[in-house]
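Per-entry structural report
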Amino acid sequence: MAAPSGAAAPAPLLLRLRSLAPGLAIAFVIAEIAILLRAQSGIAALNPVVVALVIGIAIRTAIGARPALTPGIAYAVRPVLRAAIVLLGLQVTLTQLIGLGPGALALAVAVVALTLPVTVWLGGVLGVDRQLSTLIGTGTAICGASAIVAANQVIRGRGEDVTYALAVITLCGTAAMLIFPGLAAPLGLDAVDYGLWAGAAVHEVVQAVGAAAAGGEAASQSGTVMKLARVFLLAPALLALGWWVARSAHTEQGAVKAPVPWFAFGFLALVALGSTGLVPREAVDASRVLVPLMLAASVAALGLSTDLRALSARGVRPLALGVLSSVFIATLAWAGVKMIG
């Protein structure tokens, strides 16, 4: 039926915003609750991304799938996440990376370049799906939850794969944060070397910084910068992952179009821009507030679309893979630190 005379039809943009609003609103509300829970609890290791995931899954389990939320959820899982990864580039500068020295930079590259393929190989040995193995390997090698959700933009895994990988990385990273401080002396590491080891081997940024801080001020500084070096490698790793996925698909299915993670170039562009000193401090500080909020909203949306029945079917083998991958990166990082020390 035609619209009544004199009544203007809603503009396409307005209709689009109306369709996105419910899903986006609930995702960001969950994200804000998750962030407040960490702030009020005073527990720095309580990752808002993981808390948001748990809340999202709980809501989905309680109310089921709601079609009205679907457009906003999908938008949070893709464009919102990609924008968060781009903004993350403001928090790393080339000056910080160069200050590590060539040996430490080489170590950062080595742990990322070796841990991911070794994890995928171990996954094949254990019978873990390649996409899930890739997500666990990416989270272990680079920077935990943000690396997992970013890598899934390239490999296009299932929602339950991302959820399981996040759970595995959270458990293994938390265990590392608690275990590492007690190993510094037995492994013959001084404060600076211990910080480098923690920064090179522990998964999440907050976990790595927490583990390094247990070694004192010198360890905290070296560990934080080493971890930032691994965060910087997120973009090159995503580009390499895109090439690898396309190459594998080409071998198995014939010619395919390579998935290009354009947001990785945006990340690198903001690293370069931030390194010039032209970005106001207020903008960098704003990114430190926005990035966790946007990442948590994206993962909350993922939780809202996750069916626990599919998640429970994954079994315990991916958890074993996460443990083995964590042991590998810890061993590799320790050997590298001893070589450059």
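The present account deals with the structure reproduced in this document.

Rules of the game
- Residues numbered from 1 in each chain as written.
- Predicted model: local features only at pLDDT ≥ 70, side-chain atom pairs only at ≥ 80, totals over all residues.
- Heavy atoms only, no water.
- Helix = DSSP H or I, 4+ residues; strand = E, 2+ residues; numbered from the N terminus.
- Buried < 20%, exposed > 50% of the residue type's maximum accessible area, 1.4 Å probe, protein only.
- Phe/Tyr/Trp six-rings, centres within 6.5 Å; stacked < 30°, edge-to-face > 60°.
- Contact = heavy atoms within 4.5 Å.
- Salt bridge = Lys/Arg side-chain N within 4 Å of Asp/Glu carboxyl O.
- 1 Å grid on protein atoms, 1.4 Å probe; cavity = no way out; pocket = protein on both sides within 12 Å on 5 of 7 lines; lining within 4 Å.
- Points joined across faces, edges and corners; volume = space filled by probe spheres on them.
- Nonpolar A, V, L, I, M, F, W, Y, C, P; charged D, E, K, R; others polar.
- Lys, Arg positive; Asp, Glu negative; His and termini not counted.
- Polar contact = N/O pair within 3.5 Å; in protein donor to acceptor, adjacent residues only side chain to side chain.
- Core = buried A, V, L, I, M, F, W, Y, C linked by side-chain atoms within 4.5 Å.
- Axes fitted to C-alpha atoms, helices over the stretch in contact; angles between N-to-C directions.
- Left-handed = near helix turned anticlockwise from the far one by under 90°.
- Expected span 1.5 Å × (residues − 1).
- Patch = residues over 30% accessible without salt bridge, like charges linked within 9 Å, V, L, I, M, F, W, Y side chains within 5 Å.
- Areas by Shrake-Rupley, 256 points an atom, 1.4 Å probe, with all protein chains shown as cover.

Further remarks concern the overall build of the protein chain. Secondary structure assignment for the protein chain yields 16 helices and 0 strands. Per-residue burial over the protein chain gives 47% buried out of 341 residues.

All told, the structure shown has 2 aromatic pairs when counted by the stated rule. Look at F180 and W197: their rings are 3.9 Å apart centre to centre, the planes differ by 10°, and that puts the pair in the stacked class. Here F180 is found in the loop between α8 (159–179) and α9 (191–201), whereas its partner W197 is found in helix α9, with 17 residues between them in sequence. Judged by relative accessible area, which is 6%, F180 ranks as buried. A connected cluster of aromatic rings, assembled from ring pairs, spans F180, Y194 and W197.

Okay, the environment of A212 next. By secondary structure assignment, the location of A212 is in helix α10 (residues 205–213). Looking at A212, the relative accessible area reads 0%, which means it is buried. Distance in space between the C-alpha atoms of A212 and G199 is 6.9 Å, their sequence separation being 13 residues. Non-local contacts of A212, meaning those with residues more than four positions away in its chain, are made with Y194, G195, A198, A219, S220 and G223.

What follows concerns the pattern of salt bridges. Taken as a whole and assessed by the stated rule, the structure comprises 1 salt bridge. We note a salt bridge from D285 to R281, for which the minimum N-O separation is 4.0 Å. Remark: R281 and D285 occur in helix α14 (residues 281–304); sequence separation between them is 4 residues, near one turn of the helix. Looking at D285, the relative accessible area reads 37%, which means it is partly exposed.

Another aspect to go through is the layout of surface pockets. What the largest pocket holds in volume is close to 570 Å³. Taken together, 21 residues make up the lining of the largest pocket; nearest its centre are L88, Q91, V205, V206 and P292. Those elements giving two or more residues to the lining of the largest pocket turn out to be α2 (48–63), α7 (145–155), α10, α11 (217–232) and α14. Looking at the lining of the largest pocket element by element, the count peaks at 4 residues for α14. Among the residues forming the lining of the largest pocket, the class breakdown is 13 nonpolar, 5 polar and 3 charged. Taken as a whole, the second largest pocket holds about 290 Å³ of empty space. In terms of lining residues, the second largest pocket is bounded by 15 residues, among which V112, A113, L116, A237 and A240 are the most central. Of all the elements in the fold, those that place two or more residues in the lining of the second largest pocket are α5 (102–126) and α12 (234–253). For the lining of the second largest pocket, the class distribution of residues is 14 nonpolar, 1 polar and no charged.

Take empty space enclosed by the protein next. Across all of its chains, the model carries 1 cavity of 30 Å³ or more by this definition. Here the largest cavity defines a volume of roughly 50 Å³. What lines the largest cavity is V77, L81, V149, N152, Q153, V162, S298 and L302. Secondary structure elements with two or more residues in the lining of the largest cavity: α3 (70–88), α7 and α14. Among the elements that line the lining of the largest cavity, the one with the most residues is α7, at 3 residues. A per-class count over the lining of the largest cavity returns 5 nonpolar, 3 polar and no charged.

What follows covers the side chain of R230. Take R230: it is sitting in helix α11. One buried charge, R230, has no salt-bridge partner; the nearest side chain with opposite charge is E204, at 9.7 Å. In this structure the side chain of R230 is engaged in a polar contact, spanning 2.8 Å, whose partner is the backbone oxygen of V202.

For the rest of this paragraph, the subject is the nonpolar core. F180 and W197 are the most contacted members of the largest nonpolar core, which totals 100 residues. For this core, the element with the most residues is α14, which contributes 11 residues. Excluding residues that lie within four positions of it along the chain, F180 makes contacts with Y194, W197, A198, A201, V202, A211 and A330.

It is worth spelling out the packing of α9 against helix α16 (residues 317–340) at this point. In contact at an axis separation of 9 Å, α9 and α16 are set at 145° when each is read in the N-to-C sense. Handedness of the α9/α16 crossing: right-handed. Only I329, A330, A333, W334, V337 and I340 of α16 make contact with α9, whose side of the interface consists of D193, L196, W197, A200 and A201. Residues that form the contact of α9 with α16 fall into these classes: 10 nonpolar, no polar and 1 charged.

Along an α-helix, residues three or four apart share an orientation, since each turn contains 3.6 residues. Taking 1.5 Å of rise per residue, 19 residues should cover 27 Å, and α3 covers 26 Å from first to last C-alpha, within 8% of that figure. Among the residues of α3, those classed as buried are G72, I73, A76, V80, L81, A84, I85 and L88.

The grouping of L171, L319, V323 and V327 at the surface amounts to a nonpolar patch, some 330 Å² of accessible area in total. Of all the elements, α16 adds the most residues to the nonpolar patch, at 3 residues. Along the chain, V327 turns up in helix α16. Residue classification places V327 among the partly exposed residues on the basis of a relative accessible area of 47%.

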